[in-house]
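Now for the letters of each chain:
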Amino acid sequence: MADVYIALVHHPVYNKNRDVIASALTTIDMHDLARLAATYGMAGFYVVTPLKDQRALAEEMIEHWCRGWGAGYNSNRAEALNLVRLADSLAEAKEAIDGETGREALLVSTSALDGPERLGFEDVRKILDAERPVLIVFGTAWGLTEQAQALCEIKLEPIKGPTKYNHLSVRSAAGIVLDRLMGRN
């Protein structure tokens, strides 16, 4: 299986009015996606934000749980948060993966919205067996902007339940996506 990474993008994303914004980092998203990354054997987890104060918050969390008091208190948390990497942009995350692996990363976007050229989970699961590293991209707030989606070669189909309601937390969506793509089903 190829090296698989995940990214949680805080900019550029939409707000509910479809304005392009930078959303705030939430510590629970960072903790939970790091734990998902560890559980599913990800090569790394990128937190993408250009905001210096948000990057400082992420660095403080990593320091506390990986090297500070928290590392002794909960080594499982340290194991997961050691996978976290920070990037100013999605392009920077891709460049870092390209450099680390020596191969061009394939970016896969996620969205709650239907759209053209969406691939199903089984099709994307097969791509994970390719030689290229893969970066699965999740958006915060009201989702990745068209600009961010344009950087992704593959667009994954949305998760759909039995109702019309479709606004999962990114933590829930990431868990479902990773289990469908990487789980032992």
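Residues numbered from 1 in each chain as written. Predicted model: local features only at pLDDT ≥ 70, side-chain atom pairs only at ≥ 80, totals over all residues. Heavy atoms only, no water.

S.K.: Would you take a moment to explain the overall build of the protein chain for this structure?
M.R.: Along the protein chain, the regular secondary structure elements total eight helices and nine strands. Computed over its C-alpha atoms, the radius of gyration of the protein chain comes to 16 Å, within 12% of the 16 Å expected for a compact globule of 185 residues. If you line up the protein chain on its principal axes, its C-alpha atoms span 45 × 40 × 35 Å. Expressed as a percentage of its 185 residues, the buried residues of the protein chain come to 48%. Sequence-distant contacts, at least 24 apart, represent 79% of the contacts inside the protein chain between residues at least 6 apart. A total accessible area of about 9,600 Å² is found for the protein chain, and carbon and sulfur atoms account for 50% of it. Both charge centroids of the protein chain, one from 20 positive and one from 25 negative side chains, sit 5 Å from each other. (Helix = DSSP H or I, 4+ residues; strand = E, 2+ residues; numbered from the N terminus. Rg over C-alpha atoms; globule rule 2.2 N^0.38 Å. Buried < 20%, exposed > 50% of the residue type's maximum accessible area, 1.4 Å probe, protein only. Contact = heavy atoms within 4.5 Å. Areas by Shrake-Rupley, 256 points an atom, 1.4 Å probe, with all protein chains shown as cover. Lys, Arg positive; Asp, Glu negative; His and termini not counted. Charge placed at Lys NZ, Arg CZ, Asp CG, Glu CD.)

S.K.: Explain unusual backbone geometry to me, please; I cannot follow it from the model alone.
M.R.: Among all residues except glycine, the phi angle is most often negative; among peptide bonds, the trans geometry is most common. Of the consecutive residues His11 and Pro12, the connecting peptide bond is found in the cis state with omega at 0 degrees. Residue placement: Pro12 occurs in the loop between strand 1 (4–9) and strand 2 (13–14). Even without being glycine, Arg18 reaches a positive phi, approximately 65 degrees. One can find Arg18 in the loop between strand 2 and strand 3 (20–21).

S.K.: Explanation requested: the pattern of salt bridges in the structure shown.
M.R.: When the charged atoms of two side chains lie near each other, side chains of opposite charge can form a pair. According to the stated counting rule, one finds 12 salt bridges in the structure shown. Here Arg18 ties to Glu146 by a salt bridge, and the two come within 3.5 Å at their closest N and O atoms. Taken together, the residues Arg18 in the loop between strand 2 and strand 3 and Glu146 in helix 7 (residues 146–150) connect sequence positions 128 residues apart. Of the residues examined, Arg18 reaches a relative accessible area of 44% and is grouped as partly exposed. The class of Glu146 is exposed, set by a relative accessible area of 58%. A salt bridge links Glu153 to Arg132; the shortest N-O distance between them is 2.7 Å. Taken together, the residues span a long stretch of sequence, with Glu153 in the loop between helix 7 and strand 9 (154–156) and Arg132 in the loop between helix 6 (121–127) and strand 8 (134–139) at a distance of 21 residues. Through salt bridges with shared partners, a single ionic network connects Asp29, Asp32, Arg35 and Arg171. (Salt bridge = Lys/Arg side-chain N within 4 Å of Asp/Glu carboxyl O.)

S.K.: Help me out: how do you make sense of the layout of surface pockets in this one?
M.R.: Here the idea is plain: a probe the size of a water molecule rolls over the atoms and shows the empty space left. By volume, the largest pocket amounts to about 740 Å³. In this structure, the largest pocket is lined by 38 residues; those nearest its centre are Ser111, Ala112, Ala141, Trp142 and Gly143. Counting residues per element, the ones that place at least two in the lining of the largest pocket are strand 8, helix 7 and helix 8 (170–182). Considering each element in turn, the lining of the largest pocket owes the most residues, four residues, to helix 8. Of the residues that constitute the lining of the largest pocket, the class distribution is 16 nonpolar, 14 polar and eight charged. (1 Å grid on protein atoms, 1.4 Å probe; cavity = no way out; pocket = protein on both sides within 12 Å on 5 of 7 lines; lining within 4 Å. Points joined across faces, edges and corners; volume = space filled by probe spheres on them. Nonpolar A, V, L, I, M, F, W, Y, C, P; charged D, E, K, R; others polar.)

S.K.: Which parts of the structure should I look at to understand the pairing of strand 1?
M.R.: A regular strand carries its side chains on alternate faces of the sheet. The buried fraction of strand 1 amounts to six of the six residues, a majority that puts the element mostly inside the structure. Here strand 1 runs beside strand 8; their pairing, made up of six bridges, is parallel. Its bridge partner lying in strand 8, Leu8 is registered against Phe138. Examined bridge by bridge, strand 1 and strand 4 (residues 44–48) share five bridges and lie parallel to one another. By the bridge assignment for strand 4, Val9 is matched with Val48. (Pairing = 2+ DSSP bridges.)

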